[in-house]
Amino acid sequence: MSQGLAAVGTAAGLVAEFALAGDLTRPARLTVPDLLAWPQHEAEVSFECAPSGIRHHRFTGPLLHDVLAAAGPGFDPARRKDRLRFLIAVSGTDGHHVLLSWGEIDPDFGRAPVLLAVTIDGAPLDRTGPQLVLPQDRCGARHISGITAIRVDGGYPAWT
Ligand SMILES: Nc1nc2c(c(=O)[nH]1)N[C@H]1C(S)=C(S)[C@@H](COP(=O)(O)O)O[C@H]1N2
Ligand SMILES: [Mo]
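Residues numbered from 1 in each chain as written. Chains lettered and ligands numbered in written order. Predicted model: local features only at pLDDT ≥ 70, side-chain atom pairs only at ≥ 80, totals over all residues. Heavy atoms only, no water.

(A) Geometry of the site of ligand 1. Around ligand 1, the surrounding shell consists of Phe47, Cys49, Arg55, His57, Asp94, His96, Gly140, Ala141, His143, Ile144 and Ser145. At 3.3 Å, a side-chain N or O of arginine 55 approaches an oxygen atom of ligand 1. Within the backbone of histidine 143, one N or O atom sits 2.8 Å away from a nitrogen atom of ligand 1. For ligand 1, the accessible surface in isolation is 530 Å², of which the surrounding protein chains cover 71%. Elements that contribute at least two residues to the shell around ligand 1 include exactly strand 4 (41–49) and strand 5 (53–61). (Near = heavy atom within 4 Å. Polar contact = N/O pair within 3.5 Å; in protein donor to acceptor, adjacent residues only side chain to side chain. Areas by Shrake-Rupley, 256 points an atom, 1.4 Å probe, with all protein chains shown as cover. Helix = DSSP H or I, 4+ residues; strand = E, 2+ residues; numbered from the N terminus.)

Right under this line is the structure:
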């Protein structure tokens with residue numbers, strides 16, 4: 001098993017676990033099958049990778065925004081501005097690490113339809129862990145596979 005990848009045994013065999021952590025009222029450890037509890041979306045994506053050219057994949061899974069909203073991010077939902085200081089740090093099992101902002105995926109702001117994929121090209125990701133999918137990206141580098149942790153961080157108050 002790769003470094004950093006926690007796994008839990010189920011009737012179906014080993015299933016990768018990942019953490020939702022940070023400024024959340026309901027932090028959690030989840031598996032890919034747990035992500036089926038949210039509405040599922042589908043995305044056909046094409047992205048470019050410098051060494052290997054254009055790649056095509058079909059992903060399904062919940063919106064990252066829906067999963068994180070259910071975990072209770074520590075901003076005041078009634079004050080739209082309050083969300084805009086929140087960052088979302090996503091880590092893969094190999095240490096690949098990317099930052100998004102809450103405003104990028106928020107339905108009132110960037111509305112990026114970012115998925116937490118549970119299948120790639122029809123194959124389940126139960127053993128690998130979920131994959132970040134950014135249908136709007138031209139390059140593939142933010143499509144992190146084997147996610148081990150998603151950390152929400154609101155520690156960026158305005159400079160005063
Ligand atoms: N965990 C992890 N995910 C990753 C990477 C990585 O190094 N580690 N590389 C990214 C890059 S640079 C690209 S182009 C795509 C390639 O995805 P593919 O091999 O499925 O086409 O995966 C992305 N996801
Ligand atoms: Mo890439």
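From this point, the discussion proceeds with the structure in view.
(B) Structural detail: the pattern of salt bridges. All told, the structure shown has nine salt bridges when counted by the stated rule. Linking arginine 138 and glutamate 48 is a salt bridge whose minimum nitrogen-to-oxygen distance equals 2.8 Å. Separated by 90 residues along the polypeptide, arginine 138 in the loop between strand 11 (131–133) and strand 12 (147–153) and glutamate 48 in strand 4 bring together distant segments of the chain. Given a relative accessible area of 56%, arginine 138 falls into the exposed group. (Salt bridge = Lys/Arg side-chain N within 4 Å of Asp/Glu carboxyl O. Buried < 20%, exposed > 50% of the residue type's maximum accessible area, 1.4 Å probe, protein only.)

(C) Just the nonpolar core, in detail. Counting 28 residues, the largest nonpolar core has Leu20, Leu64, Leu68, Ile88, Leu116, Leu132 and Ile150 as the members making the most contacts within it. Only strand 2 (13–22), helix 1 (64–70), strand 6 (87–92), strand 7 (97–101), helix 2 (102–105) and strand 12 provide two or more residues apiece to this core. With residues near it in sequence (within four places) discarded, isoleucine 150 still touches Phe18, Ala19, Leu20, Ala21, Leu64, Leu68, Ile88, Ala89, Val90 and Leu116. The next biggest cluster of nonpolar side chains, apart from the first, holds nine residues, and it includes Ala43, Phe47, Leu115 and Ile120. (Core = buried A, V, L, I, M, F, W, Y, C linked by side-chain atoms within 4.5 Å. Contact = heavy atoms within 4.5 Å.)

(D) Representation of the state of the cysteines. Under the counting rule described, the total for this entry stands at zero disulfides. Residue cysteine 139 stays outside any disulfide, its sulfur separated by 8.2 Å from that of cysteine 49, the closest cysteine. Look at cysteine 139 and you get partly exposed, because its relative accessible area is 36%. (Disulfide = S-S within 2.5 Å.)

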